[in-house]
Amino acid sequence: MSLTIESSRFGRVEIDPGSVIEFPDGLIGLSGSRYALLARDPDTPFLWLQSLDDPGLALPVTNPHQFFSQFTVEVTDEDAERLGPDLTAEVDVYVTVRAAEALEDFVANLKAPILVRSGRGHQVINQAAGCELRAPLFAEVEVETNGSSSSAC
Amino acid sequence: MLRITRKTGERVMLGDDVVVEVLEVRGQTVRLGIDAPRSLVIYREEIWLEVKRENEAAALAASAPLPSVRLKGAGE
């Protein structure tokens, strides 16, 4: 069964059922519990969590390990129980990204990573030391920009 | 807001299966113990609030499309 939504950001989008993630507890402070993980542009390290409950809600996310070599996730015992056994096996980790005009102003939320396994997701509070709420995304990595894609005047 | 006075060791029930106990009071600091079903997620308010704000900001700030950047050393 294919699913089509009218995303405010992307227009009409066909949702691959395999990309749907259920968040039993939602994302912290946001409404809705079903999202799809969309890869809109293979040339960027960003993916989008598009809400299936609210077409106007989409958050850019990325794999933190690509940007932060020291990044680790530690969860409380309560969260570990909630997430189920073998937390470390087959878990995809994402962090939300706050975009900005300049790359050096992009930040990622390492304090509240999103863990996804078998189509279920949880945003957890990271107990590992030194995880910033707004960590400069491009502080550690070198990037090549492909110029022409910028839409600024 | 409901206000209830409790002593150390006394408890409050929220519904039938959430128990909040005053474990210790020391000056301005109160230690609480909370027993709740696993499905109920418990946050310190200030952390919940800052993550909520960051989630909202991430959703609002992004201008699509995001810049095409390639991480050096990634992929190939």
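In this report, the structure presented in the accompanying data block is examined. (Residues numbered from 1 in each chain as written. Chains lettered and ligands numbered in written order. Predicted model: local features only at pLDDT ≥ 70, side-chain atom pairs only at ≥ 80, totals over all residues.)

Of the regular secondary structure elements, chain A holds one helix and 12 strands. Tracing chain A from N to C terminus, the helices and strands come up as β-β-β-β-β-β-α-β-β-β-β-β-β. With respect to the three principal axes, the spread of C-alpha positions in chain A is 50 × 40 × 25 Å. Residues classed as buried in chain A amount to 33% of the 153 residues present. For chain A, long-range pairs separated by at least 24 residues make up 48% of all intrachain contacts whose partners lie at least 6 apart in sequence. (Helix = DSSP H or I, 4+ residues; strand = E, 2+ residues; numbered from the N terminus. Buried ≥ 20, exposed ≤ 12 C-beta atoms within 10 Å, placed from the backbone. Contact = placed C-beta atoms within 7 Å.)

Turning next to the overall build of chain B. In terms of regular secondary structure, chain B is built from one helix and four strands. Secondary structure of chain B in N-to-C order comes out as β-β-β-α-β. Across the 76 residues that make up chain B, the buried fraction comes to 12%.

This part covers the pairing of strand E6 (residues 58–62) of chain A. Residues and elements named next belong to chain A. Taking burial as the measure, the five residues of E6 include five buried ones, the bulk of the element. The alternating pattern of E6 places Ala58, Pro60 and Thr62 and Leu59 and Val61 on opposite faces, both of which are buried. Relative to E6, strand E5 (residues 46–51) is paired through five bridges, and the arrangement is antiparallel. Note that in E6 the partner of Phe46 across the bridge is Thr62. (Pairing = 2+ DSSP bridges.)

This part covers the interface of chain B and chain A. Facing the 27 residues of chain B at the interface are 39 residues of chain A. Broken down by secondary-structure element, the contributors of at least two residues to the side of chain B that touches chain A are helix H1 (45–61) and strand E4 (69–71) of chain B. Here the side of chain B that touches chain A takes 12 residues from H1 of chain B, the largest share from any one element. Across the side of chain B that touches chain A, the residue classes break down as 17 nonpolar, three polar and seven charged. Of the pairings in the sheet, the one linking strand E12 (residues 143–145) of chain A to E4 of chain B comprises three bridges and is antiparallel in character. Bridge assignment links Val143 of chain A to a residue of E4 of chain B, and that residue is Leu71 of chain B. (Nonpolar A, V, L, I, M, F, W, Y, C, P; charged D, E, K, R; others polar.)

Residues and elements named next belong to chain B. Spatially, the three strands line up as an open sheet ordered E1-E2-E3, and their pairing is antiparallel. On the outer flanks of this sheet lie strand E1 (11–14) and strand E3 (29–35), each paired with one strand and no other. Going from strand to strand, the sheet's axes swing by 25° on average, the running direction of each strand aside. With seven bridges joining them, strand E2 (residues 18–26) and E3 adopt antiparallel strand pairing. Counted as the bridge partner of Val22 is Leu32 from E3. (Axes fitted to C-alpha atoms, helices over the stretch in contact; angles between N-to-C directions.)

Looking now at H1 of chain B. Helical geometry: 3.6 residues make up each α-helical turn, so side chains three or four residues apart lie on a common side. Residue and element names in this part refer to chain B. If you check H1, its first and last C-alpha atoms are 24 Å apart, about what 17 residues at 1.5 Å a residue would give, namely 24 Å. Every buried residue of H1 is accounted for by Val51, Glu54, Asn55, Ala58 and Ala59. Along the long axis of H1, the arc covered by the buried residues comes to 135°, so they all point the same way. In H1, the exposed residues that point more than 90 degrees away from the buried face are Glu45, Glu46 and Leu60. (Expected span 1.5 Å × (residues − 1). Arc of directions from axis to C-beta.)

Of all the six residues making up E5 of chain A, five are buried; the element is thus mostly covered by neighbouring parts of the structure. Remark: six residues form the turn of the hairpin made by E5 of chain A and E6 of chain A, two consecutive strands paired antiparallel.

Generally speaking, nonpolar side chains in soluble globular proteins are found buried as a group. Ranked by size, the top nonpolar core spans 39 residues in total, and within it Val97 and Ala108 of chain A carry the most contacts. Those elements that provide at least two residues to this core are strand E4 (34–38), E5, E6, strand E7 (92–98), strand E8 (107–108) and strand E9 (114–117) of chain A together with H1 of chain B. For Val97 of chain A, the residues in contact, after removing those within four places along its chain, are Phe46, Pro60, Val61, Thr62, Phe106, Ala108 and Leu137 of chain A together with Ala58 of chain B. (Core = buried A, V, L, I, M, F, W, Y, C linked by C-beta atoms within 7 Å.)

Right, let's talk about the environment of Gly32 of chain A for a bit. In this structure, Gly32 of chain A sits in the loop between strand E3 (20–22) and E4. Taking the C-alpha atoms as reference points, Gly32 of chain A and Leu52 of chain A, 20 residues apart in sequence, are found 7.8 Å from one another.

The next thing to look at is the environment of Ala80 of chain A. Mapped onto the elements, Ala80 of chain A comes out in helix H1 (residues 77–83). Spatially, the C-alpha atom of Ala80 of chain A lies 27 Å from that of Arg98 of chain A, the residues being 18 residues apart in sequence.

Keep in mind these numbers describe shape, not what the thing actually does.
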